[in-house]
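Listed below are the residues making up each chain.
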Amino acid sequence: MNFPIRGAVIHNIRDMDETELREMITESIQRGEEKLLPGLGVLFEVIWEGSNKKQQDEMVDLLYEHLPREQAQPPISPS
């Protein structure tokens, strides 16, 4: 089954104002549920595509600087 996740995420947030978007992002991060990560990925994609090269470079620098490397875990391989 191929679920159109990008369209579903955008559909769910299309009518939100800036305050609602901020609350949704904050709540998704605070809850820490794995199932919310694809939606946050779609939002990041929208931000990335709407950014110029300088802004993208700044995001990469910020990500690199704050990446919690000590929390890295190898993927679990299927048995």
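Higher on the page you've got the structure.
Attention in this report is confined to the structure presented alongside it. What you see is a predicted model; the values in this text were computed from it and never measured. (Residues numbered from 1 in each chain as written. Predicted model: local features only at pLDDT ≥ 70, side-chain atom pairs only at ≥ 80, totals over all residues. Heavy atoms only, no water.)

## What to know about the overall build of the protein chain
Link 1 in the chain: Within the protein chain, the secondary structure is distributed over four helices and zero strands.
Link 2 in the chain: Listed by position from the N terminus, the elements making up the protein chain come as α-α-α-α.
Link 3 in the chain: In terms of overall size, the protein chain is more extended than a compact globule, its C-alpha atoms giving a radius of gyration of 15 Å where 79 residues would be expected to give roughly 12 Å.
Link 4 in the chain: With the C-alpha coordinates of the protein chain rotated into their principal frame, the extents come out at 40 × 35 × 25 Å. (Helix = DSSP H or I, 4+ residues; strand = E, 2+ residues; numbered from the N terminus. Rg over C-alpha atoms; globule rule 2.2 N^0.38 Å.)

## Side note on the packing of helix α3 (residues 37-49) against helix α4 (residues 53-66)
Link 1 in the chain: Where α3 contacts α4, the axes come no closer than 9 Å and their chain directions differ by 140 degrees. Considered as vectors, α3 and α4 are oriented oblique to each other. Side by side, α3 and α4 meet where F44, I47 and W48 of the first sit next to Q56, M59 and V60 of the second.
Link 2 in the chain: The residue makeup of the contact of α3 with α4, split by class, is five nonpolar, one polar and no charged. (Axes fitted to C-alpha atoms, helices over the stretch in contact; angles between N-to-C directions. Parallel < 35°, antiparallel > 145°, perpendicular 65-115°, else oblique. Contact = heavy atoms within 4.5 Å. Nonpolar A, V, L, I, M, F, W, Y, C, P; charged D, E, K, R; others polar.)

## What to know about a negative patch on the surface
Link 1 in the chain: Negative charge collects at one region of the surface, where D17, E18, E20 and E23 lie side by side.
Link 2 in the chain: Note on placement: D17 falls in the loop between α1 (5-13) and α2 (18-31). (Patch = residues over 30% accessible without salt bridge, like charges linked within 9 Å, V, L, I, M, F, W, Y side chains within 5 Å. Areas by Shrake-Rupley, 256 points an atom, 1.4 Å probe, with all protein chains shown as cover. Salt bridge = Lys/Arg side-chain N within 4 Å of Asp/Glu carboxyl O. Lys, Arg positive; Asp, Glu negative; His and termini not counted. Charge placed at Lys NZ, Arg CZ, Asp CG, Glu CD.)

## Regarding the environment of K53
Link 1 in the chain: Inspection of the secondary structure assignment puts K53 in helix α4.
Link 2 in the chain: For the pair K53 and I13, spaced 40 residues apart in sequence, the C-alpha separation works out to 26 Å.

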